[in-house]
Amino acid sequence: MNDITTEEARIAPTPEREGDTARMNMIQAVNSAMDVMMARDDNVVVMGEDVGYFGGVFRATAGLQNKYGKQRVFDTPITECGIIGVAVGMGAYGLRPVPEIQFADYIYPALDQLVSEAARLRYRSAGEFTAPITVRSPFGGGIFGGQTHSQSPESIFAHVSGLKTVIPSTPYDAKGLLISAIEDNDPVLFFEPKRIYNGPFDGHWDGPSKNWSKHPGGEVPTGYYRIPLGKANTVREGQDVTILAYGTMVHVCQNVVKETGVDAEIVDLRSIVPVDIEAIEESVKKTGRCMIVHEATRTMGFGAELSALVQERCFYHLEAPVTRVTGFDTPYPHSLEWAYFPGPVRIGEALKNIMKDA
Amino acid sequence: MASEQRANLKPLSLHVPEPKFRPGDEVDFSDIEVPAADAAKRPDVGAHPDTFHELSYGLVRVLDENDRAVGQWNPRLDADVLRRMLRNMAMTRAFDERMFRAQRQGKTSFYMKSTGEEAVAVGAAMALASDDMCFPSYRQQGILITRNYPMIEMMNQIYSNKGDKLQGKQLPIMYSSKEDGFFSISGNLATQYPQAVGWAMASAAKGDTRIAATWCGEGSTAEGDFHSACTFASVYRAPVILNVVNNQWAISSFSGFAGAEATTFAARAIGYGIAGLRVDGNDALAVYAATLWAAERARTNQGPTLIEHFTYRAEGHSTSDDPTGYRSAQEYSNWPLGDPVTRLKNHLIALGEWDEERQEAMDKECADLVRKTQKDAEKNGILGHGLHQPLDTLFEGVYEEMPWHLREQQQQMMAEEEASGRPWARK
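Residues numbered from 1 in each chain as written. Chains lettered and ligands numbered in written order. Predicted model: local features only at pLDDT ≥ 70, side-chain atom pairs only at ≥ 80, totals over all residues. Heavy atoms only, no water.

(A) Expanded view of the overall build of chain A. Looking only at helices and strands, chain A features 13 helices and 14 strands. Against the 2.2 N^0.38 benchmark of 21 Å for 358 residues, chain A shows a C-alpha radius of gyration of 20 Å, consistent with a compact globule. The dimensions of chain A, computed from C-alpha atoms along their principal axes, are 70 × 45 × 40 Å. When the 358 residues of chain A are sorted by exposure, 63% land in the buried category. (Helix = DSSP H or I, 4+ residues; strand = E, 2+ residues; numbered from the N terminus. Rg over C-alpha atoms; globule rule 2.2 N^0.38 Å. Buried < 20%, exposed > 50% of the residue type's maximum accessible area, 1.4 Å probe, protein only.)

In structure tokens form, the structure reads like this:
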């Protein structure tokens with residue numbers, strides 16, 4: 001029997017090339033994070049539909065089975081409830097599973113295992129059993145995925161005590177955050193904005209597509225590094241309005257701000273639970289205005305929580321009502337995708353509106 | 001509403017299952033087929049599941065009408081082991097009696113008895129290795145008693161008192177003991193099924209030698225988790241024993257609402273290509289033998305076994321349930337497979353290894369021990385009488401490290417309690 005209790009025995013030496021960096025897109029960065037963690041920790045296992053031999057429908061697990069073997073990287077039956085339930089059991093054994101849910105839209109059959117089991121295990125067993133699992137799942141729209149390949153269900157999970165929810169916006173962040181998520185001893189939902197897998201997106205769907213090769217976030221250390229969960233990143237400093245965003249919308253907002261010339265401060269939340277309240281408070285108190293942008297549906301979206309937090313903490317610093325720019329409260333449409341998507345027009349209007357009395 | 005287009009066809013009708021007996025009905029179980037105790041063959045542990053489908057429809061039994069152990073499944077246990085088995089079952093029953101009464105006396109919020117089903121948990125726990133991992137449902141307290149888990153810990157948990165290792169965070173009887181290979185019980189049904197399979201897969205992937213076992217009720221086999229677990233168990237040949245405790249009733253829904261009118265629960269195994277056994281759940285020796293067989297199978301890398309334990313829930317679903325409202329009281333007294341404790345006792349008597357006096361003395365010893373332990377447990381408090389856990393522990397264990405929003409809510413609660421001057425505010 002392998003001794004899984006001796007920490008030293010299962011942590012392999014840090015890879016030599018730790019100092020090096022390479023250009024990566026977000027898929028490669030996610031792949032690299034799993035690679036690094038699988039090399040460091042024998043207990044990290046990767047599982048999900050099509051993740052094994054084929055390497056995943058988005059190729060995020062490409063090469064991992066070949067490198068680490070079928071006992072650690074394997075395909076699963078098509079049952080999300082089973083995938084997460086099995087991951088919880090493996091976690092109870094002492095493994096550190098990284099299950100993939102092929103699209104976030106498919107995660108609902110696993111809700112009971114996530115909400116009632118993974119999220120509650122530590123509490124209900126007073127710490128005897130934990131669920132150190134990281135559920136990776138591509139999410140968000142902008143790829144003509146229709147209503148079953150485009151959703152952003154992050155606020156459902158943010159509502160559940162015991163879960164952490166993380167959403168990266170660059171390859172660099174994706175790798176550092178995913179490593180932190182895998183090392184975290186609590187269950188983490190890791191939503192990967194698939195619209196920006198291959199490059200940042202400025203919101204103009206009919207414009208030329210970009211890749212990560214020129215973006216600073218595409219320069220990624222090849223070895224091990226962490227970005228702590230719960231720490232936001234201010235991607236643009238500004239004086240007049242704070243924009244709170246995450247994932248794809250960080251890039252869309254950056255572009256809109258450039259196009260409109262508004263001196264906005266853009267805070268990329270990176271994780272929504274825990275959320276970096278200090279960064280939010282500091283920025284909004286400085287600018288006096290707050291706009292929240294997310295792709296998910298509006299009602300009870302995470303923007304509602306952010307809006308309440310800002311109102312409770314920054315009310316006397318506010319010079320305009322807190323504004324939400326979001327997807328509409330409809331299913332994600334197929335042909336009218338770009339009418340649904342909170343793109344430059346909707347964000348630009350909202351920016352103009354929030355700045356009108358300035 | 002109804003389509004007018006096919007007037008030549010008889011209208012469809014919907015079948016809604018109905019149990020055979022309702023309150024006040026005379027109960028006649030003559031349609032339940034009880035094969036002879038030596039009827040079931042015992043396949044080789046390595047046999048292919050396809051070669052013994054009949055075992056999913058028959059009934060593995062060992063104890064016959066003359067209280068003798070017969071047939072290929074007879075585990076040939078010596079008298080000391082049989083007496084230990086009997087004591088574990090008697091102790092479970094005595095524990096249930098006392099804790100049920102404690103709930104009725106207002107000492108806790110909730111309790112669930114396992115009366116009539118003691119053999120299912122005790123027989124299995126005695127056949128498993130002590131470090132095999134159990135993912136139980138809520139009626140397998142017999143596992144903890146068999147594994148000599150301190151009874152006072154069970155009671156502390158039931159009372160959510162200051163001795164409760166789960167810090168009052170979990171509903172009574174939802175025990176957890178990692179040290180004893182007993183996974184934290186969930187109130188959500190069948191969720192433990194895929195978890196047990198996952199644990200077993202991990203054990204196999206790590207080259208361990210331990211196996212997993214899990215239990216759910218027949219009603220819960222309708223859950224998706226059950227079927228996901230069977231699929232995973234089959235696909236990866238996981239070293240796991242999947243137990244279905246068919247006690248006929250899921251609260252007020254009879255087993256027909258889980259599919260029992262159509263086939264047996266053991267037969268679910270056939271579709272998944274895994275080994276299936278249907279066992280007389282009131283026969284502790286049959287449960288023991290079936291579990292031992294399945295455990296050997298699992299431990300020699302020959303995959304999972306699904307065991308249906310055919311038994312009867314003698315009492316209400318829980319202290320919140322009143323079975324007189326939906327089923328005939330005669331069902332238990334007429335149950336064709338008898339009472340598990342009585343049957344094992346009679347077997348030992350038939351062997352000349354036991355007698356009524358010793359049984360009486362043992363029952364008294366069990367009752368005394370339970371009563372004495374209860375007194376000790378109550379020194380740690382009972383539910384609703386006093387504050388047994390410090391208030392601020394309410395926020396502990398949600399995450400490994402407390403995030404700012406929980407810290408803030410914790411501080412708010414403490415300040416409010418302090419300001420209110422209510423008894424809660426004391427440290």
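Structure shown, so let's carry the discussion forward.
(B) Fine view of the overall build of chain B. Looking only at helices and strands, chain B has 12 helices and seven strands in total. In summary, chain B has a C-alpha radius of gyration of 23 Å against a globular reference of 22 Å for 427 residues, a match within 12%. When its C-alpha atoms are laid out on the principal axes, chain B stretches across 75 × 70 × 55 Å. Relative to its 427 residues, chain B shows a buried fraction of 56%. Partitioning the contacts of chain B with sequence separation of at least 6, the portion at a separation of at least 24 is 74%. Approximately 18,300 Å² of chain B is accessible, and the part contributed by carbon and sulfur atoms is 50%. Side-chain charges of chain B comprise 45 positive and 58 negative groups, with the mean position of each set lying 3 Å from the other. (Contact = heavy atoms within 4.5 Å. Areas by Shrake-Rupley, 256 points an atom, 1.4 Å probe, with all protein chains shown as cover. Lys, Arg positive; Asp, Glu negative; His and termini not counted. Charge placed at Lys NZ, Arg CZ, Asp CG, Glu CD.)

(C) A look at the side chain of B:Ser114. Residue and element names in this part refer to chain B. Mapped onto the elements of the fold, serine 114 is located in the loop between α1 (79–104) and α2 (118–127). Overall, the relative accessible area of 1% leaves serine 114 in the buried class. Look past the residues within four positions of serine 114 in its chain and what remains in contact with it is Thr92, Asp96, Arg139 and Gln141.

(D) View of helix α8 (residues 171–183) of chain A. Residue and element names in this part refer to chain A. Its 13 residues give α8 an end-to-end C-alpha distance of 18 Å, which sits within 8% of 18 Å, the value for a rise of 1.5 Å per residue. Counted residue by residue, α8 has 11 buried out of 13 residues, so it is predominantly covered. Taken as a whole, α8 has its buried residues at Pro171, Asp173, Ala174, Lys175, Gly176, Leu177, Leu178, Ile179, Ser180, Ala181 and Ile182. (Expected span 1.5 Å × (residues − 1).)

(E) Representation of the interface of chain B and chain A within the structure. With 47 residues of chain B at the contact, the number on the chain A side is 47 residues. Between chain B and chain A, the buried area comes to about 3,900 Å², and carbon and sulfur atoms account for 60% of it. Three residues, B:Lys206, B:Tyr399 and B:Trp404, lead the burial of chain B against chain A; their summed loss comes to 20% of the area buried on that side. Among the salt bridges present, the one from A:Arg313 reaches B:Glu408, with a minimum N-O distance of 2.4 Å. Summed over the shared surface of chain B and chain A, the result is 24 residue pairs in polar contact (both at pLDDT 80 or more). (Buried area = accessible area lost by both parts, 1.4 Å probe. Salt bridge = Lys/Arg side-chain N within 4 Å of Asp/Glu carboxyl O. Polar contact = N/O pair within 3.5 Å; in protein donor to acceptor, adjacent residues only side chain to side chain.)

(F) Representation of empty space enclosed by the protein in the model. Residues and elements named next belong to chain A. Enumeration according to the criterion identifies three cavities of 30 Å³ or more in this entry. Reported here for the largest cavity is a volume of approximately 70 Å³. Elements that contribute at least two residues to the lining of the largest cavity include exactly α9 (248–260) and β13 (290–297). At three residues, the largest contribution of residues to the lining of the largest cavity is made by β13. Looking at the lining of the largest cavity, its residues break down into five nonpolar, five polar and two charged. (1 Å grid on protein atoms, 1.4 Å probe; cavity = no way out; pocket = protein on both sides within 12 Å on 5 of 7 lines; lining within 4 Å. Points joined across faces, edges and corners; volume = space filled by probe spheres on them. Nonpolar A, V, L, I, M, F, W, Y, C, P; charged D, E, K, R; others polar.)

(G) Structural context of the packing of aromatic side chains. In this structure the tally under the stated criterion is 30 aromatic pairs over all chains. Summarising the aromatic geometry, the rings of B:Phe29 and B:Trp335 are spaced 5.3 Å apart at their centres and angled 85° between planes, so their arrangement reads as edge-to-face. Taken as a pair, B:Phe29 in the segment before α1 and B:Trp335 in the loop between α9 (330–333) and α10 (340–350) lie far apart in primary sequence, 306 residues in all. Take B:Trp335: its relative accessible area is 5%, and that puts it in the buried class. Taking 5.5 Å as the distance between ring centres and 85° as the angle between the ring planes, the aromatic pair formed by B:Phe52 and B:Trp293 counts as edge-to-face. Taken together, the residues B:Phe52 in the segment before α1 and B:Trp293 in helix α8 (residues 284–299) connect sequence positions 241 residues apart. Owing to a relative accessible area of 0%, B:Trp293 belongs among the buried residues under this scheme. Linked through ring pairs, B:Phe21, B:Phe29, B:Phe310, B:Tyr312, B:Tyr332 and B:Trp335 together constitute an aromatic cluster. Positioned above the aromatic ring of A:Tyr224 is the side chain of A:Arg40, whose terminal nitrogen or guanidinium carbon lies 3.6 Å from the ring centre. Over the aromatic face of B:Phe100 sits the side chain of B:Lys113, whose NZ or CZ is 4.5 Å from the ring centroid. (Phe/Tyr/Trp six-rings, centres within 6.5 Å; stacked < 30°, edge-to-face > 60°. Lys NZ or Arg CZ within 6 Å of the ring centre and 35° of its normal.)

(H) How the structure looks around the pattern of salt bridges. Residues and elements named next belong to chain A. If you walk through the whole model with that rule in mind, you get 45 salt bridges over all chains. Here arginine 23 and glutamate 219 are joined by a salt bridge, their closest N and O atoms 2.9 Å apart. Of this pair, arginine 23 sits in strand β1 (residues 21–23) while glutamate 219 is found in strand β8 (residues 219–221), placing the two residues 196 residues apart along the sequence. Classification of arginine 23 by relative accessible area gives partly exposed; the value is 38%.

(I) View of the domain arrangement of chain B. According to the domain assignment, chain B contains domain 1 (49–318 + 333–378) and domain 2 (391–420). The C-alpha-based centres of domain 1 of chain B and domain 2 of chain B are spaced at 39 Å. (Domains from an automatic or database assignment.)

(J) Representation of the nonpolar core in the model. Among the nonpolar cores identified, the biggest contains 84 residues, and A:Ile84, A:Met90, A:Leu244, A:Leu269, B:Val197, B:Val240 and B:Leu242 are the most heavily contacted of them. Ranked by residues supplied to this core, first place goes to helix α4 (residues 80–93) of chain A with eight residues. Both domains that furnish three or more residues to this core are identified here as domain 1 (49–318 + 333–378) and domain 2 (391–420) of chain B. Residues contacting B:Val197, with those up to four places away along its chain left out, are A:Val86, B:Ala229, B:Phe232, B:Ala233, B:Ala238, B:Val240 and B:Leu242. Among the nonpolar cores identified, the runner-up in size contains 78 residues, and B:Leu82, B:Trp215, B:Leu348 and B:Ile382 belong to it. (Core = buried A, V, L, I, M, F, W, Y, C linked by side-chain atoms within 4.5 Å.)

(K) Here's a closer look at unusual backbone geometry. With an omega of -5°, the peptide bond between A:Val273 and A:Pro274 qualifies as cis. With respect to the helices and strands, A:Pro274 occurs in the loop between β12 (271–273) and α10 (277–287). Positive phi is not limited to glycine here, since B:Ser160 has a value of about 50°. The topology assignment puts B:Ser160 in the loop between α4 (151–159) and α5 (192–205). For B:Ile251, which is not glycine, the phi dihedral falls at a positive 45°.

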